Amino acid sequence: MAKVLLAEDDVTMVSLLKTLLTMEGYEVVALDSDADIVEAALREQPDLLLMDVLLLHQNGLDELKKLRARKGGESMRVLMTSGLDFKDQCLARGANAFIQKPFMPDDLLAALQSTLRS
């Protein structure tokens, strides 16, 4: 079972993602909106970090850059998401993939599976 770490500040989205991913057999760990994402990712060692770009108190692009600079974070699989098209910026900062909201559950699951295989 693959472990997914969620860095998302929308409580409804967290609830929906946890339900969907758990039903699909993933182990899901959701971070609090003001958690230290990099430290949590290094501690949890997920198979994939699913991170929003625009977080309440943090910027996902900045957190991605910090993660990639840390030992153990350079090869972690990261799928970024946002309601705005940040695909180019996310990939340039080292994300493995990007999916724009709103997305259908099947599209998210396909992106997760593709990213986990990469």
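Residues numbered from 1 in each chain as written. Predicted model: local features only at pLDDT ≥ 70, side-chain atom pairs only at ≥ 80, totals over all residues. Heavy atoms only, no water.

Draft legend 1. Structural context of the environment of Val-14. By the element assignment, Val-14 lies in helix 1 (residues 11–23). Between the C-alpha atoms of Val-14 and Ala-30, which are 16 residues apart in sequence, the distance is 7.1 Å. (Helix = DSSP H or I, 4+ residues; strand = E, 2+ residues; numbered from the N terminus.)

Draft legend 2. Molecular detail of helix 3 (residues 60–69). Listed in full, the buried residues belonging to helix 3 are Gly-60, Leu-61, Glu-63, Leu-64, Leu-67 and Arg-68. Each buried residue of helix 3 sits inside an arc of 160 degrees when the element is viewed along its axis, so together they form one side. In helix 3, the exposed positions angled more than 90 degrees off the buried face are occupied by Lys-65 and Ala-69. Of the surrounding secondary structure, the elements contacted by the buried residues of helix 3 are helix 2 (37–44), strand 3 (48–52), strand 4 (78–82) and helix 4 (87–93). Its side-chain oxygen at 2.7 Å from the backbone nitrogen of Leu-61, Asn-59 defines the N-terminal cap of helix 3. (Buried < 20%, exposed > 50% of the residue type's maximum accessible area, 1.4 Å probe, protein only. Arc of directions from axis to C-beta. Contact = heavy atoms within 4.5 Å. Polar contact = N/O pair within 3.5 Å; in protein donor to acceptor, adjacent residues only side chain to side chain.)

Draft legend 3. Here's a closer look at the side chain of Glu-8. Here Glu-8 lies in the loop between strand 1 (3–7) and helix 1. Side-chain polar atoms of Glu-8 contact the side chain of Lys-101, separated by 2.9 Å. If we ignore the near neighbours within four places in the chain, the residues touching Glu-8 are Met-13, Val-14, Leu-31, Asp-52, Leu-55, Thr-81 and Lys-101.

Draft legend 4. Focus on the packing of helix 2 against helix 3. Contact geometry for helix 2 and helix 3: axes closest at 9 Å, N-to-C directions at 45 degrees. By the angle class used here, helix 2 and helix 3 are oblique. In the crossing of helix 2 with helix 3, the sense of the turn from one axis to the other is right-handed. The segment helix 2 lies against helix 3, with Ile-37, Val-38, Ala-41 and Leu-42 engaging Glu-63, Lys-66 and Leu-67. (Axes fitted to C-alpha atoms, helices over the stretch in contact; angles between N-to-C directions. Parallel < 35°, antiparallel > 145°, perpendicular 65-115°, else oblique. Left-handed = near helix turned anticlockwise from the far one by under 90°.)

Draft legend 5. Structural context of the environment of Cys-90. Considering the arrangement of structural elements, one finds Cys-90 in helix 4. Sequence separation of Cys-90 and Ala-2 is 88 residues, and the distance between their C-alpha atoms is 23 Å. Here Cys-90 is in contact with Val-53, Leu-61, Leu-64, Met-80, Ala-95 and Phe-98, once residues within four sequence places are set aside.

Draft legend 6. Structural context of the environment of Ala-35. Turning to its location among the elements, Ala-35 is positioned in the loop between strand 2 (27–30) and helix 2. Ala-35 sits 33 residues away from Arg-68 along the chain, and the two C-alpha atoms are 18 Å apart.

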